[in-house]
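Each chain is listed here by its residues.
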Amino acid sequence: MRVPEGWLRDWVDTSMGIEEIAERLTMAGLEVEEVESAAPPFTGVVVAKILDAQKHPDADRLRICSVSTGNHAQPLQIICGAPNARAGMFVACATDGAVLPGDFHIKKTKMRGVVSQGMLCSSKELGISEESEGIIDLGALSDDLLGKNLREHLSLDQKTLVIKLTPNRA
């Protein structure tokens, strides 16, 4: 069973560190197997908004997206192959210089003759889940959040307690 630190702190007002909480739960009879992060380390990924998505002239499955990160004077041009990319969508955007899980570095590149200035990310590419159907849809957000660090926005730095369920506790 996985218990997010934030959820636990909502129910129990404590100033203890997560390691001490894990130790106390184990001593109380719940075996905490490990304390893990909600997501693996990555940097340079921000909340962004797709302003426009046009079909790539030289590829059937690619789109040329105009993306606002709030940090640049001009929107970024990003090539995306996700089927769910559409205008008005708030997404996770890895900008030039970002490092994704697996030491994958993002840089400006040309894809089929068109420059791409970053990458729109799926939850699988960020290590948040094992499967994904396309890029992360962050839902309806305010433009004030553009450029905010995704780890901070989604609380991906919080820890999760992995509790082993014993046979006598279904």
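Just so we're clear, the structure is a prediction, and the values are computed from it rather than from any experiment. Position numbers for residues start from 1 in each chain and track the written sequence from start to end. The model is predicted, so local features are restricted to residues of pLDDT at least 70 and side-chain atom pairs to those at 80 or more, both for listing and for counting; the totals for chains, interfaces and linings are taken over all residues. Note that water and hydrogens are dropped before the side-chain values are worked out from all heavy atoms of the structure.

Student: Can you lay out the packing of aromatic side chains for me, pointing to particular residues and giving the numbers?
Tutor: In summary, the pairing rule links any two rings of Phe, Tyr or Trp, Trp by its six-membered ring, whose centres are within 6.5 Å, and it sorts them by plane angle into stacked for under 30 degrees, edge-to-face for over 60 and tilted for everything else. A full pass over the atoms with the stated rule returns 1 aromatic pair. For the ring pair tryptophan 7 and tryptophan 11, a centre distance of 6.2 Å and an interplane angle of 55 degrees mean the geometry is tilted. Taken together, the residues tryptophan 7 and tryptophan 11, both in helix 1 (residues 5-11) and 4 residues apart, mark about one turn of the helix. The class of tryptophan 11 is exposed, set by a relative accessible area of 65%. It is arginine 151 that lies over the ring of phenylalanine 42; its NZ or CZ is 4.6 Å from the centre. Helix numbering and strand numbering both begin at the N terminus, where a helix is a DSSP run of H or I of at least 4 residues and a strand a DSSP run of E of at least 2. For every residue, the accessible area (1.4 Å probe, protein chains only) is compared with the maximum for its type, and the residue is labelled buried under 20%, exposed over 50%, or partly exposed between those bounds. We count a charge as sitting over a ring when the NZ of a lysine or the CZ of an arginine lies within 6 Å of the ring centre and within 35 degrees of the ring normal.

Student: Give me the lowdown on the environment of valine 162, citing residues and values where you can.
Tutor: Examined against the element boundaries, valine 162 turns out to sit in strand 11 (residues 159-164). Using a relative accessible area of 9% as the deciding quantity, one classes valine 162 as buried. As for valine 162 and alanine 87, which are separated by 75 residues in sequence, their C-alpha atoms are 38 Å apart. Contacts are assigned to residue pairs that have any heavy atoms within 4.5 Å of one another. Apart from residues lying up to four places away in sequence, valine 162 is in contact with Met1, Arg2, Glu31, Val32, Glu33, Glu34 and Glu36.

Student: A description of helix 2 (residues 18-27) should follow, citing residues and the corresponding values.
Tutor: Those residues of helix 2 lying buried are Ile18, Ile21 and Ala22. Projection of helix 2 onto a plane perpendicular to its axis shows the buried side chains occupying an angular sector of 100 degrees, all on one side. Summarising the geometry of helix 2, the exposed residues directed more than 90 degrees from the buried face are Glu19, Arg24 and Met27. Buried residues along helix 2 sit against helix 1, strand 2 (31-37) and strand 11. This arc is built from the directions going out from the helix axis to the C-beta atoms.

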